[in-house]
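Next come the chains, spelled out residue by residue.
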Amino acid sequence: MRQALLIFSKEFKDYFVSPIAYIVIAVFLIVTGWLFFSTFFIFDQADMRRFFNLLPFIFALVVPIITMRLFSEEINVGSYELLLTLPVTFRDIIIGKFLAAVAFAGAILVPTLSYAIFISAVGDLDWGATLGGYLGAILLAGAYAAIGLFASSLTRNQIIACIVAMVICVTLAIIDQMLFFFPQTILDVITFISASAHFNNIAKGIVDSRDLLYFLSVAFLGLYATHLSMEEK
């Protein structure tokens, strides 16, 4: 685990060396801030629900950008072979990179706490539901990061890795909005695989074991698939 934490520390610091990280943070805050506050005063409701409603789709676009370089860059420049000569295991590398991606996604969310502080100053904010929303956001980021890590392990091209991860994450984010395309007999299955449906439950302050199991299962499958992919290389 110590090796995984060392890799986590290196990868997390590397995010802040690249200008892409600051661009991602700035674009995320501008887009979510504009979409949230443009309707906040219209609805006149002191809650963060509309902000959290945006996250499944926006994270489906942002998290793949965060994860796209994690393995693709290493494979492309040849540093992955050098990494394997060090006393680390596949598990250490994957967990370290995964934790760094989730931590960076969490860092992006930190400035949005100012939204909650502002709302609590002008109204009666439900902090329980708000904290539930942030917990759900971290779980959502973890699931998407595992998918992004897997996509990054498939190719040396970062753009292809980003697109593959976006397609999968966006599908999970919006599939519950396309139920009319599917036969009645499989609607329950389609609803269950929807990331938005599970996230929205947690964002309401309802922490259900089925929602937690969903996000943990997606993250596990993504990381396990990454492990299998890297073993083949």
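Overview of the structure. (Residues numbered from 1 in each chain as written. Predicted model: local features only at pLDDT ≥ 70, side-chain atom pairs only at ≥ 80, totals over all residues. Heavy atoms only, no water.)

Here we look at the overall build of the protein
A tally of helices and strands in the protein yields 12 helices and 0 strands. When the elements of the protein are put in sequence order from the N terminus, they spell out α-α-α-α-α-α-α-α-α-α-α-α. Compactness check: the protein gives a C-alpha radius of gyration of 18 Å against a globular reference of 17 Å for 233 residues, within 12% of the reference. Its C-alpha atoms give the protein principal-axis dimensions of about 60 × 45 × 30 Å. (Helix = DSSP H or I, 4+ residues; strand = E, 2+ residues; numbered from the N terminus. Rg over C-alpha atoms; globule rule 2.2 N^0.38 Å.)

Let's talk about the nonpolar core
Counting 63 residues, the largest nonpolar core has M48, F51, L55, F59 and Y144 as its most contacted members. Looking at this core element by element, the count peaks at 11 residues for helix 8 (residues 127-154). Those residues in contact with L55 that sit more than four places away from it in its chain are F28, A60, L109, A137, L140 and F199. (Core = buried A, V, L, I, M, F, W, Y, C linked by side-chain atoms within 4.5 Å. Buried < 20%, exposed > 50% of the residue type's maximum accessible area, 1.4 Å probe, protein only. Contact = heavy atoms within 4.5 Å.)

Notes on helix 4 (residues 69-77)
Looking only at helix 4, the buried set comprises R69, L70, F71, S72, E74 and I75. Phi turns positive one or two residues past the end of helix 4, at G78, with a value near 85°.

Some thoughts on the packing of helix 11 (residues 195-203) against helix 12 (residues 209-232)
Following both chains from N to C, one finds helix 11 and helix 12 inclined at 135°, their axes separated by 9 Å at the closest point. By the angle between their directions, the pair helix 11 and helix 12 is classed as oblique. The two elements helix 11 and helix 12 meet at a crossing, and its hand is left-handed. Listed contacts from helix 12 to A195, H198, F199, N201 and I202 of helix 11 are R210, D211, L212, Y214 and F215. Of the residues that constitute the contact of helix 11 with helix 12, the class distribution is 6 nonpolar, 2 polar and 2 charged. (Axes fitted to C-alpha atoms, helices over the stretch in contact; angles between N-to-C directions. Parallel < 35°, antiparallel > 145°, perpendicular 65-115°, else oblique. Left-handed = near helix turned anticlockwise from the far one by under 90°. Nonpolar A, V, L, I, M, F, W, Y, C, P; charged D, E, K, R; others polar.)

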